[in-house]
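If you want the building blocks of each chain, they are given just below.
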Amino acid sequence: MRVSPLLLPALLAAFGCTGGDANFRVVEEAGVRTVTSIAPAWSGGAKWRVDTLPERVAGDASRADGALLVNVTGVHLLEDGRLAVVSGEDRQVVYFDRDGALERRVGAHGDASGQFQRPRLIGTRADSLWIWDAELQRVTVMAPTGEVALTVPVPPGYSATGVFGDGSLLLVSARVVPVPGGLGLQRDSLLLHAVDDGGQPSADALMTVPGDEMVVARTAAFQTAFPRPFGAQTTVAANGDWLQVAVGDSEDLLRVKREGARREVWRIARARRAVPFEDLQSHGMRRRAQVAQLPPLVANKVADAIVAAGVPNALPVHDQQIVDATGHTWLREDVGPEKRDSVAQRWDILAEDGRWLGQVTTPVSFAVWQITRERVVGVRRNQYGVEEVHIYWLRR
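Residues numbered from 1 in each chain as written. Predicted model: local features only at pLDDT ≥ 70, side-chain atom pairs only at ≥ 80, totals over all residues. Heavy atoms only, no water.

What follows deals with helix α3 (residues 296-309). When the terminal C-alpha atoms of α3 are compared, their 20 Å separation across 14 residues agrees well with the 20 Å that a helix rising 1.5 Å per residue should span. Those residues of α3 that sit buried are A299, V302, A305, I306 and A309. Summarising the axial view, the buried residues of α3 lie within an arc of 125 degrees, below the 170-degree limit, and thus occupy one face. Within α3, the exposed residues directed more than 90 degrees away from the buried face are P296, L297, V307 and A308. If you follow the buried residues of α3, they end up packed against β15 (183-186), β18 (214-218), β19 (223-227) and α2 (277-292). Phi turns positive one or two residues past the end of α3, at G310, with a value near 75 degrees. (Helix = DSSP H or I, 4+ residues; strand = E, 2+ residues; numbered from the N terminus. Expected span 1.5 Å × (residues − 1). Buried < 20%, exposed > 50% of the residue type's maximum accessible area, 1.4 Å probe, protein only. Arc of directions from axis to C-beta. Contact = heavy atoms within 4.5 Å.)

If you want it as structure tokens, here you go:
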């Protein structure tokens, strides 16, 4: 879009900015600080990029000193260059040395200390791993050496989803929002809590936000639920002593201090992206084929639920949120279920003060788990569909 020179002074005045700051504004109102960006701060060649070829690969099972990785649910690059990988299949933490060779395995399938049922990495602090186990309803803290440093039980009805800068947990609980008739779109409320000094969730939720958009079909005979086609997803992150939430259907990142005293909104002012018609066709054909395999009664109810829920005409905004080692927030652009694993992923980068810096692209089919000052760490499937940990240089 080209802006007329006659309109530029009015735009600058409206945003309360001049000169190089014309791409964003800051407003304080009713105790909420709102940062609105109308254009990225990066211009010309001043931007970051991720290399297209990995600096290092771990998990190559064809190596004599390698290891097969299945259902990776967490990756962390330690400061000494080693890799810690959480394997959901083996219920272990697998350590690799700087050259990608298997160093050791820690943990086993069970319920004793240091054992796991459904492990997932939810955060790190000083290279210790905070691993949530939904089956055992507890968090296990693993020291960089692989020993269990701490086990934290989580009250029933809550899940651990992040770690604040002081090591306290971020917990989430859900409040079910009923669907009239039991068929159609459902978006439950998520209540986000910090853990107090006594190990209990805070009495008042830090924030209550909508969860992922789901299609539900409930009858007396059966019930099922699955993500709404091109539906919004809610992402949550603990950033120091801030809680950050993006609800997927707006360009706002909502922030609240852990003690609840301060609130912020970081906003990118731009139009929503339309769902491509070919993606709607492709997804519709695939969904119809899946429904056709169900028993007729169930298939009819599921089809009714899909129709009642409808399909958005705009793509969700973001579907993943990561805070890097320098305090910048990365928000992955949601491209919808048809292209999520087949195109390079674009990330909106927000500075520590909320300004939108620009976008960074990561490789196709690459699931990012960690972003350090110099590297991007995650999981990518090789040509045989086997998971491998890839590390790419980040050029800032």
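What follows is about the sheet that holds strand β12 (residues 148-153). The strand order β9-β10-β11-β12 describes an open sheet built from 4 strands, whose pairing is antiparallel. Of all strands in the sheet, those bounded by a partner on one side alone are β9 (119-125) and β12. Averaged over all adjacent pairs, the angle separating strand axes in this sheet is 20 degrees, with direction ignored. The pairing of strand β11 (residues 138-142) with β12 spans 5 bridges and is classified as antiparallel. Looking at β12, one finds that V141 is bridged to L150. (Pairing = 2+ DSSP bridges. Axes fitted to C-alpha atoms, helices over the stretch in contact; angles between N-to-C directions.)

End to end, α2 covers 23 Å across 16 residues, agreeing with the expected 22 Å (1.5 Å per residue, within 8%). Among the residues of α2, those classed as buried are D279, H283, G284, R287 and V291. An end-on view of α2 places all buried positions within 125 degrees of arc, on one side of the element. Turned more than 90 degrees off the buried face of α2, the exposed positions are M285, R288 and A292. Elements that come into contact with the buried residues of α2 comprise β19 and α3.

Considering all chains together, one arrives at 2 cavities of 30 Å³ or more under this definition. Reported here for the largest cavity is a volume of approximately 50 Å³. A246, E251, D252, L253, W266, I268, H318, L331 and L350 together form the lining of the largest cavity. Breaking the lining of the largest cavity down by element, the ones donating at least two residues are β22 (252-257) and β23 (263-268). Of the volumes computed, that of the second largest cavity is approximately 40 Å³. Taken together, V152, P153, V154, P155, L169, L171, V195 and G199 make up the lining of the second largest cavity. Mapped by element, the contributors of at least two residues to the lining of the second largest cavity are β12 and β14 (169-175). By residue class, the composition of the lining of the second largest cavity is 7 nonpolar, 1 polar and no charged. (1 Å grid on protein atoms, 1.4 Å probe; cavity = no way out; pocket = protein on both sides within 12 Å on 5 of 7 lines; lining within 4 Å. Points joined across faces, edges and corners; volume = space filled by probe spheres on them. Nonpolar A, V, L, I, M, F, W, Y, C, P; charged D, E, K, R; others polar.)

A few words now on a nonpolar patch on the surface. There is a patch of nonpolar side chains on the surface, built from F277, L280 and V311 and spanning about 270 Å² of accessible area. Looking at the secondary structure, you find F277 in helix α2. (Patch = residues over 30% accessible without salt bridge, like charges linked within 9 Å, V, L, I, M, F, W, Y side chains within 5 Å. Areas by Shrake-Rupley, 256 points an atom, 1.4 Å probe, with all protein chains shown as cover. Salt bridge = Lys/Arg side-chain N within 4 Å of Asp/Glu carboxyl O.)

Before going further, it helps to spend a moment on the sheet that holds β14. Pairing within the open sheet is antiparallel, and its 4 strands lie in the order β13-β14-β16-β17. Edge strands, defined here as strands with exactly one partner in the open sheet, are β13 (159-163) and β17 (207-210). With strand direction ignored, the average angle separating the axes of adjacent strands in the sheet is 30 degrees. With 4 bridges joining them, β13 and β14 adopt antiparallel strand pairing. Within β14, the position partnered with A160 by the bridge is L171.

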